[in-house]
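Notes for the structure review
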Amino acid sequence: MIEVRGSYFLLETANTSYVFQKTESGLLRHLYYGAKAPIVDFSILDQKLDGGVGTACLYENHPNEFIDQMDLELSFVGKGDYRQTMIEVEHPRFGTTLNCKYQSHAIISNPEEELPTSRQPDSVLEVITFDETQQIEITLFYKVFEQCDVITKYIKITNKGSDSVIIHQLMSHQLDCWNADFVLMSFNGAWSKERHLFQQPLTMNTIVLDSKTGGSSNKTNPFFILRKANTDENQGEAYGFNLVYSGNHQAVLEVGITKKLRVMQGIHPLGFHYPLHSQITLTSPEAVLSYTNKGLNQLSHHFHDFINHHIIALPFQGKPRPVLINNWEATYFHCDEKTILELAKKAQEVGAELFVLDDGWFGKRNNDQRSLGDWDVNLKKLPHGLIGLSKKIHQMGMQFGLWVEPEMINEDSELYRQHPEFAIQLPNQKPSLGRNQLVLDLTSAVVRDWLVEKLTQLFSSCELEYVKWDYNRNITELFSQQASLQQAFCHRYILGLYDVLKRIRNQFPNLLIESCASGGNRFDLGMLCFTPQIWTSDDTDYYERLFIQTGTSYGYPLSTMGAHVSAVPNHQTLRNTPLASRFHLSCFGLLGYELDLLSETDVTLQAIKKQIVFYKKNRDIFQYGRCYRSNLTIFNRDNMYLYVVNKEQTLAFLGFFQGLIHPSMAEDRLYIPGLEEEGIYQLSHQKSKISITRFGGLINLVLPIKVRLNGRLYRLISKVYKIPGDQENCLASGKALKEMGVRLHQQFMGSGLSNRVRVLGDFGSRLYEIRKKE
C-alpha cells in the first residue's frame, strides 16, 4: 500500500513500514524503515536539528537543514552533503554540483524498462525531482510487494537541457539509518568456492562490496544483510539488500563519527562515465530491500517468495523442474553418439527425465582451445546430428538439453577467422585469454544480431527443451570497435546481453534455460529474470557444497539452485563422500546427476534409482517448500541441518549434514520452527544398515573368531551381513519441536555401538521425515 499524507509518503507491506518526506525546501528526507505500526502523527519521526550542528552547512540557508546530518532519500554532490552520494553528474558549464528538488509525484502502474525488473507489484510510486540549473530530472521509483515484505527502488536520470553531461556515478538507492549498530553479512568467494558467508561489525569506516569483473561475479554477490548483533536464524532484526543486475556492481556502507549509516547500492563507478545527451534517459538497476524482526530465516523467506513470484518468468513460476543427467564428468570433450546413447539408456533406466549434452558436440571441439563460436554439430561425433540424437533421447522417454557458451569465441575458430572484429580486444595489442577464449562484443548490434540468428537456428534444429548457457571467463580490455560505446563499456555489455536473452526468450518462451558462469560466477536476480535456474557452482563436492548452498540460501530459493550428485573421488577436490550424503544435500535444490553411469556398480545404480523415485515423489516440497537453516550452520560448526516444510505444514524433510567428525562432539539437537504448533508430528528416517568395513579392525573385538582385514572371509562377511543402524522415531507437537527440540542419538565415538548410536562418520548425513499425524 502507498499513502500520501500531506508532505509524508507512507509505503506499507504486510509487516513493514517505509516513510519519507518532502521538505519545504524540496529535499526528500528519509524517516523510517522497519516494523509496521499505525502512525497517528508523523512528527514523531521527524529529525530534530534545532540545536545546530557546529560548522555544518545549511542547505540553501533553510532553518535546521544541515544536509550533512540529514537522513535523505536522494543525495548529490556540491550542496554540503560530504558523505558518499548516490549521483555524480558532470556538466560542461556547471561542473558537478547537482541540486534536484521535489517536483511532483504519482501512483502509477508498473513501468516497462530497458533493464530487467520485478513483475506484478501491488503498487508503484513515482517521485520526480529537478535541477533548474543543469536541467537534470531524476525520477525515483518505489515498488511495493506486500505479501513478500519487499520494497524495490530505482531511479531514472533524464537530461532535459541542451548540453550533454557525463554520469560518473549511478546508485539505485540509498538508505540512511540513524544508527550503525549492525553486523554486515556478505557472501564472497572464488571459482568453486562461491557465496561463503563472512561477517563483520560496522565501525566508523567505509566498507565497499563490489565486483569489477564485468559480471556480478563469484567474488562478491550483490546480496548482503545487515543484522543486529543478537539476531540469529529465528529471531531478531535484519535488513536484506539485492540488485536486479548482472554486471559490475557496488554497495557502499559508510559510518560517520555520529554513528549514522548510509547504505547505497548500484552500478560500479569504475570506468562508467556515461555520456547522457540531450533528451536521453538513463535507468539504474532495480534494488531490492526487505526488513524483518523475526530472524534470518524469515528474511530469506521474503527474498525466496519475491524471487519465485516476481522475478522468475511466468512460464516457470512454480513449475516442477526435471531431474537431469549431464554427461560432462562422464565424457568431458570426448563425446560421441554411441557413448551418449549408452549413457542416455542408463539415465532412462534410473529414472532421469532430461538428458543434457554438454561441451564438445560442435565444430572441432576436442579441447577447450578451439571452436567456440562455431555452433554447428560435429557430424563425426554425432553422425545423425542433433535432430537424430534428440529424437532417440525422446524415444527413450526423456527430454533433451544442450550446452552452449554463446558469449565466447576462440581464436582458433571459423568465426574468428571470418570476423575477428566480433571479439573484445584492443587493436595492435595481444589480448588476455581466459580458458583459452575471448568474449564476443555484445555492445555491438551487429554481433548481437548474428548471435540471435545463430542461436535461433541452433535451438530450432532439434527437439530441445533445455539449454545450459555458460560463461567461462571474465571481461578484459573493455574496448568496442565503435568509438561511441567506449564509455560505460561493461554496462553496455550487460545491456547487450539482456537484449540477446530477451529476444531468445520471446522466440522460445517455454525453453528452460539454466544460466552458468564457470558455476556461480553470475548468480544474480538479473539473470534469473531470463533463466529460472542457475548452476550453483562447478564444485560438486558434498562438503564444499554445504558451504556454497547454505550461503546461497540466504538470498535465493532452492528452486533456482542447480545441485548435482557427482562421482567420487570428486573431480574438484578428490574427496570421497557417501552417495547418500551427496544425494541428501542435492535434494535441497534442483536434483541432477553428473557422473559416468556406465562405470557405476549395479548396487550404486539401484541406489540412484531409488533416490530419483523419492525426489520425484517429494519434488514440490524440495523445490518450493519453505526452507529453514539451523541456528548454527556449517560456517560456525562441523554439522548443520536444513529443512523444508510444505504449504499445508503437514510434511517436512530435514537433512542433517556432518562435516568432519571429532571425539567428544557436542550433543546434536534439532529445533524445528515453521510447523503448526498445535499439530502432532512423527519424526522418523529410513532404516539403514552399516557395512562392517566402516569399522576396520574393530570388528575383531566382537567376533568369536579373528578375521584378517580385507581377507577372503572378511570380504564374504561384508557382502552377506550388514549391521543394523539406529532408528530414531518420536512424536511431538509442533510447538515442542520449535521450543524444546529433539535430542538425537549420540554419534559413534569409538567407545560403544548399539541401536541407539548414530554412525555417520566424516561427511555422513541423515534425512528425516516429519509428518503430521491425522
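This text gives an overview of the structure that appears in the document.

Scoring rules and cut-offs
- Residues numbered from 1 in each chain as written.
- Predicted model: local features only at pLDDT ≥ 70, side-chain atom pairs only at ≥ 80, totals over all residues.
- Heavy atoms only, no water.
- Helix = DSSP H or I, 4+ residues; strand = E, 2+ residues; numbered from the N terminus.
- Rg over C-alpha atoms; globule rule 2.2 N^0.38 Å.
- Buried < 20%, exposed > 50% of the residue type's maximum accessible area, 1.4 Å probe, protein only.
- Contact = heavy atoms within 4.5 Å.
- Expected span 1.5 Å × (residues − 1).
- Polar contact = N/O pair within 3.5 Å; in protein donor to acceptor, adjacent residues only side chain to side chain.
- Salt bridge = Lys/Arg side-chain N within 4 Å of Asp/Glu carboxyl O.
- 1 Å grid on protein atoms, 1.4 Å probe; cavity = no way out; pocket = protein on both sides within 12 Å on 5 of 7 lines; lining within 4 Å.
- Points joined across faces, edges and corners; volume = space filled by probe spheres on them.
- Pairing = 2+ DSSP bridges.
- Axes fitted to C-alpha atoms, helices over the stretch in contact; angles between N-to-C directions.
- Lys, Arg positive; Asp, Glu negative; His and termini not counted.
- Parallel < 35°, antiparallel > 145°, perpendicular 65-115°, else oblique.
- Left-handed = near helix turned anticlockwise from the far one by under 90°.
- Phe/Tyr/Trp six-rings, centres within 6.5 Å; stacked < 30°, edge-to-face > 60°.
- Lys NZ or Arg CZ within 6 Å of the ring centre and 35° of its normal.
- Patch = residues over 30% accessible without salt bridge, like charges linked within 9 Å, V, L, I, M, F, W, Y side chains within 5 Å.
- Areas by Shrake-Rupley, 256 points an atom, 1.4 Å probe, with all protein chains shown as cover.

Some thoughts on the overall build of the chain
The helix and strand inventory of the chain stands at 14 helices and 42 strands. Since a compact globule built from 774 residues should have a radius of gyration of about 28 Å, the 28 Å found for the chain is in line with a globular shape. Dimensions of the chain, computed from the C-alpha atoms along their principal axes, are close to 95 × 65 × 45 Å. Counting only residues that meet the buried cut, the chain has 61% of its 774 residues in that class. Of the contacts formed within the chain by residues at least 6 apart in sequence, a portion of 70% connects residues at least 24 apart.

Side note on helix 3 (residues 337-350)
Along its 14 residues, helix 3 runs 20 Å from first to last C-alpha, staying within 8% of the 20 Å computed at 1.5 Å per residue. Within helix 3 the residues assigned to the buried category are Glu-337, Ile-340, Leu-341, Leu-343, Ala-344, Ala-347 and Val-350. Tucked into the core, helix 3 has its buried residues touching strand 21 (324-326), helix 2 (328-331), strand 22 (354-357), helix 4 (385-395) and helix 11 (602-617). With a side-chain oxygen positioned 3.1 Å from the backbone nitrogen of Lys-338, the residue opening helix 3 is Asp-336.

Regarding the pattern of salt bridges
Under the counting rule described, the total for this entry stands at 42 salt bridges. The salt bridge partner of Lys-260 is Asp-71, with a shortest N-O separation of 3.0 Å. With Lys-260 in the loop between strand 16 (249-255) and strand 17 (261-267) and Asp-71 in the loop between strand 4 (28-35) and strand 5 (87-90), the pair connects residues that are 189 residues apart, well separated along the chain. Judged by relative accessible area, Lys-260 falls into the buried class, the value being 15%. In this structure, Arg-435 engages Asp-359 in a salt bridge whose closest nitrogen and oxygen atoms are separated by 3.9 Å. Here Arg-435, found in the loop between helix 5 (414-418) and strand 25 (438-439), pairs with Asp-359, found in the loop between strand 22 and helix 4; they are 76 residues apart in sequence, far enough to count as distant. Take Asp-359: its relative accessible area is 1%, and that puts it in the buried class. Residues joined in a network through salt bridges with shared partners are Asp-81, Arg-83, Asp-176 and Arg-262.

Some remarks on empty space enclosed by the protein
According to the stated counting rule, one finds five cavities of 30 Å³ or more in the structure shown. Within this model, the largest cavity holds a volume of roughly 60 Å³. Surrounding the largest cavity, Thr-540, Asp-541, Tyr-542, Arg-545, Gln-549, His-564, Ser-581, Arg-582, Leu-585 and Ser-586 form its lining. Where the lining of the largest cavity is concerned, the elements lending two or more residues are helix 9 (542-553) and helix 10 (579-587).

Comments concerning the sheet that holds strand 4
Strand order in the open sheet formed by four strands is 1-2-3-4, with antiparallel pairing between adjacent strands. Unpaired on one side and paired on the other, strand 1 (2-5) and strand 4 mark the two borders of the sheet. Averaged over all adjacent pairs, the angle separating strand axes in this sheet is 15°, with direction ignored. Inspection of the sheet shows strand 2 (residues 8-12) paired to strand 3 (residues 16-22) by five bridges, in the antiparallel sense.

Digging into the side chain of Asp-441
For Asp-441, the location among the structural elements is in the loop between strand 25 and helix 6 (445-460). No salt bridge is formed by the buried Asp-441; the nearest opposite charge belongs to Arg-448, separated by 7.1 Å. Within polar-contact distance, the side chain of Asp-441 engages the side chain of Thr-443 at 2.5 Å. Apart from residues lying up to four places away in sequence, Asp-441 is in contact with Phe-422, Ile-424, Val-447, Phe-479, Ser-480, Gln-481 and Phe-489.

Topic: the packing of helix 6 against helix 7 (residues 489-507)
In contact at an axis separation of 10 Å, helix 6 and helix 7 are set at 30° when each is read in the N-to-C sense. In terms of orientation, helix 6 lies roughly parallel with respect to helix 7. At the point where helix 6 passes helix 7, the crossing takes the right-handed sense. Contacts from Arg-448, Asp-449, Leu-451, Val-452, Leu-455, Thr-456 and Phe-459 in helix 6 reach Gly-496, Asp-499, Val-500, Arg-503, Ile-504 and Gln-507 in helix 7.

Digging into the packing of aromatic side chains
Taken as a whole and judged by the stated rule, the model has 44 aromatic pairs. In this structure, Arg-522 packs its charged tip against the face of Tyr-471, placed 3.9 Å from the ring centre.

Thoughts on the sheet that holds strand 32 (residues 639-645)
Within a sheet, neighbouring strands are paired by backbone hydrogen bonds and run either parallel or antiparallel to one another. As summarised here, the arrangement of the six strands in space is 31-32-33-42-35-38, forming an open sheet in which the pairing is antiparallel. Two strands in the sheet have a free side with no partner beyond their single neighbour: strand 31 (626-629) and strand 38 (730-733). For this sheet, the mean angle separating the axes of adjacent strands, direction not counted, is 20°. Note that strand 32 and strand 33 (residues 651-658) share seven bridges and pair antiparallel. For Met-640, the partnering residue across the bridge sits in strand 33 and is Phe-657.

Focus on a nonpolar patch on the surface
A contiguous nonpolar surface patch, about 510 Å² in accessible area, is contributed by Ile-705, Leu-713, Leu-716, Val-720 and Tyr-721. With respect to the helices and strands, the residue Leu-713 is situated in helix 13 (residues 712-720). Classification of Leu-713 as partly exposed rests on a relative accessible area of 40%.

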